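This is what each chain is made of:
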Amino acid sequence: GDSVTQKEGLVTLTEGLPVMLNCTYQTIYSNAFLFWYVHYLNESPRLLLKSSTDNKRTEHQGFHATLHKSSSSFHLQKSSAQLSDSALYYCALSRATGGNNKLTFGQGTVLSVIP
Amino acid sequence: GPKVLQIPSHQIIDMGQMVTLNCDPVSNHLYFYWYKQILGQQMEFLVNFYNGKVMEKSKLFKDQFSVERPDGSYFTLKIQPTALEDSAVYFCASSFQGNTLYFGEGSRLIVV
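The following refers to the structure shown. Along every chain, residues carry numbers that run from 1 in the direction the sequence is written. Ligands are numbered from 1 and chains lettered from A, in the order in which they are written. Reporting of local features is limited, given that this is a predicted model, to residues whose pLDDT is at least 70; pairs of side-chain atoms are given and counted only at 80 or more, and all residues count toward the totals for whole chains, interfaces and linings. Excluding hydrogens and water, the side-chain values take into account all heavy atoms of the structure.

As for the nonpolar core
Trp36(A), Leu48(A), Leu49(A), Phe74(A), Leu76(A) and Tyr89(A) are the most contacted members of the largest nonpolar core, which totals 25 residues. Residue types Ala, Val, Leu, Ile, Met, Phe, Trp, Tyr and Cys, when buried and joined through side-chain atoms within 4.5 Å, form a set referred to as a nonpolar core. Relative accessibility thresholds used throughout: buried, under 20% of the residue-type maximum; exposed, over 50%; partly exposed, between the two (1.4 Å probe, protein chains only). If you look at the next biggest cluster of nonpolar residues, it comprises 22 residues, including Leu21(B), Leu46(B), Tyr90(B) and Val111(B).

Overview of the interface of chain A and chain B
In this complex, chain A contributes 21 residues to the contact, which on the side of chain B involves 19 residues. Summed over both sides, the interface between chain A and chain B buries roughly 1,700 Å², with carbon and sulfur atoms accounting for 51% of that surface. Only one rule defines a salt bridge in this text: a Lys or Arg side-chain nitrogen within 4 Å of an Asp or Glu carboxyl oxygen. Glu56(B) is the partner of Lys102(A) in a salt bridge, and the nearest nitrogen-oxygen pair spans 3.1 Å. Here a polar contact is recorded for every N or O atom pair within 3.5 Å, except that within protein the pair must consist of a potential hydrogen donor and a potential acceptor, and residues adjacent in sequence are included only if both atoms are side-chain atoms. Our count for the chain A to chain B interface comes out at seven residue pairs in polar contact (both at pLDDT 80 or more). Residue contributions to the side of chain A that touches chain B peak at four residues, all from strand E5 (residues 33-39) of chain A. Amino acids outside the nonpolar list (Ala, Val, Leu, Ile, Met, Phe, Trp, Tyr, Cys, Pro) and the charged list (Asp, Glu, Lys, Arg) are all regarded as polar, and Gly is one of them. Of the residues belonging to the side of chain A that touches chain B, the class tally is eight nonpolar, ten polar and three charged. Residue contacts are counted whenever heavy atoms from the two residues lie within 4.5 Å of one another. Buried area: the accessible area, evaluated with a 1.4 Å probe, that two parts lose upon being put together, summed over both parts. Every helix listed is a DSSP run of H or I at least four residues long, and every strand listed is a run of E at least two residues long, numbered separately from the N terminus.

Description of the packing of aromatic side chains
Stacked, tilted and edge-to-face are the three classes assigned to paired rings of Phe, Tyr and Trp, where Trp is represented by its six-membered ring and a pair needs centres within 6.5 Å; plane angles under 30 degrees give stacked, over 60 edge-to-face, the rest tilted. Per the stated rule, a full pass over the model turns up 15 aromatic pairs over all chains. Aromatic pair Phe35(A) and Tyr37(A): ring centres 6.2 Å apart, planes at 35°, arrangement tilted. With respect to class, Phe35(A) is no different from Tyr37(A); both count as buried. Ring geometry for Tyr31(B) versus Tyr50(B): centroids 4.4 Å apart, planes at 10°, classification stacked. You can see Tyr31(B) sitting in strand E4 (residues 31-37) and its partner Tyr50(B) sitting in strand E5 (residues 44-50), a full 19 residues away along the chain. Counting every residue linked through ring pairs, the aromatic cluster contains Phe33(A), Phe35(A), Tyr37(A), Tyr90(A), Phe105(A), Tyr35(B), Phe45(B) and Phe103(B).

The structure is reproduced here in structure tokens:
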């Protein structure tokens, strides 16, 4: 079945340094969608960005990611971390079969940004 | 942005009792989902629901679980009877079409 791997459980960064959260996936579906969701404490997980286009950079709120089907990766990046970026980040995959968009989640990476 | 509301936010229940978790999805959404997250683990798909029917369910969706959305009201997850391993945070999500899911804040269930 489908799977998503986020190797880092916790990433601690000093404010201002670049962010990179790793995500790799496995699926037999060539038109899969990849997502990043951000989950702040006591809030609901919300979509940060998504993509299904190979080698195209997608950006939102200062974050960006590029889907690379050749390496099955969708790493999340940001040029400069802010304290407010501290949250739990989930990478997820969908087979994009019309309305039935079951998401398969990775384990999540806690990003902790310190002054 | 669109909001999914979940009631209750948390509940403690005795093993063997019934519990109903309620979800008020985004108003024009057509697809509804439940996910389960055990403490320290990833969110895992339980079930999705469309047009009054379960479309797909995972192995985690045991026989003791059921979902319904009577007359366009709450989308509910019922567990009867509950077991200790049902302790988790249950997230409801909804989507219109396409593939963006909107999640609620979760219902924390503790079975004792």
